[in-house]
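# Descriptive structure summary
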2 protein chains.
Amino acid sequence: MAYKAKIRVTLRPSILDVQGKAVQHALDNLGYSTVDSVRIGKYIEVMIDEDSLDDARRIGDEICRKLLANTVMEDYSIELETIK
Amino acid sequence: MAYKAKIRVTLRPSILDVQGKAVQHALDNLGYSTVDSVRIGKYIEVMIDEDSLDDARRIGDEICRKLLANTVMEDYSIELETIK
């Protein structure tokens, strides 16, 4: 079965998001003063060919912890969609 | 009212995702051969202080088209959450 893992990797709330601050500053200069904060992370779509949803979730979790997220300073969330 | 715009910016499907290919190759080397494809984009959370959901959506759409997404080669989607 094919599964699509929609993974979001974000900086922990306690960590200063320098890139987000820069974008917020740029938006302010463009006149978007109602934008209070901007936080930027990664959005990763992974197609996984496994036998069950549980297997796909286990693989998704492993690849986040081993490669896609730096678990010291980032959080990740996984949304799984059954494709066929 | 405060709204959280959860924005996903992804390369158009027709565009080769070189970064995604590199990650897929690394996952293959780590033994994750059931990973068929990887596509990497941006996940951006923007706090918007507007009077209505429609105003927040309009601002979200504008900042995507003007700054956050390169609409020539990227697609974007906006999910809005009412905070308070």
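Calculation notes
Residues numbered from 1 in each chain as written. Chains lettered and ligands numbered in written order. Predicted model: local features only at pLDDT ≥ 70, side-chain atom pairs only at ≥ 80, totals over all residues. Heavy atoms only, no water. UniProt positions renumbered as here; feature names shortened; annotations may be inferred. Helix = DSSP H or I, 4+ residues; strand = E, 2+ residues; numbered from the N terminus. Rg over C-alpha atoms; globule rule 2.2 N^0.38 Å. Salt bridge = Lys/Arg side-chain N within 4 Å of Asp/Glu carboxyl O. Buried < 20%, exposed > 50% of the residue type's maximum accessible area, 1.4 Å probe, protein only. Contact = heavy atoms within 4.5 Å. Buried area = accessible area lost by both parts, 1.4 Å probe. Polar contact = N/O pair within 3.5 Å; in protein donor to acceptor, adjacent residues only side chain to side chain.

Per an unreviewed UniProt entry, chain A carries the name Phosphoribosylformylglycinamidine synthase subunit PurS and comes from Prosthecochloris ethylica. Database annotation for chain A, UniProt heading Sequence similarities (unreviewed entry): "Belongs to the PurS family." According to UniProt, the comment filed for chain A under the heading Pathway (unreviewed entry) is "Purine metabolism; IMP biosynthesis via de novo pathway; 5-amino-1-(5-phospho-D-ribosyl)imidazole from N(2)-formyl-N(1)-(5-phospho-D-ribosyl)glycinamide: step 1/2."

The number of helices and strands found in chain A is two helices and three strands. Its helices and strands in sequence order give chain A the pattern β-α-β-α-β, from N to C terminus. On C-alpha atoms alone, chain A measures out to a radius of gyration of 16 Å, which is more than a quarter above the 12 Å that the 2.2 N^0.38 rule sets for 84 residues. Reported as C-alpha extents along the three principal axes, the dimensions of chain A are approximately 50 × 30 × 15 Å.

Attention shifts here to the pattern of salt bridges. The final tally for this structure, using the stated rule, is 17 salt bridges over all chains. Arginine 8 of chain A is paired through a salt bridge with glutamate 79 of chain B; the nearest N and O atoms lie 3.5 Å apart. Taken together, the positions of arginine 8 of chain A in strand β1 (residues 2-11) and glutamate 79 of chain B in strand β3 (residues 74-82) put the pair across two chains. The class of arginine 8 of chain A is buried, set by a relative accessible area of 13%. Taking relative accessible area as the criterion, glutamate 79 of chain B reaches 39% and is therefore assigned partly exposed. For the salt bridge of arginine 58 of chain B with aspartate 55 of chain B, the shortest nitrogen-to-oxygen distance reads 3.7 Å.

A word on the interface of chain B and chain A. With 32 residues of chain B in contact, the opposing surface of chain A contributes 31 residues. Of the roughly 2,800 Å² buried where chain B meets chain A, counting both sides, 62% is carbon and sulfur surface. At the surface where chain B touches chain A, the tally comes to two salt bridges. The tally of links between chain B and chain A comes to 18 residue pairs in polar contact (both at pLDDT 80 or more).

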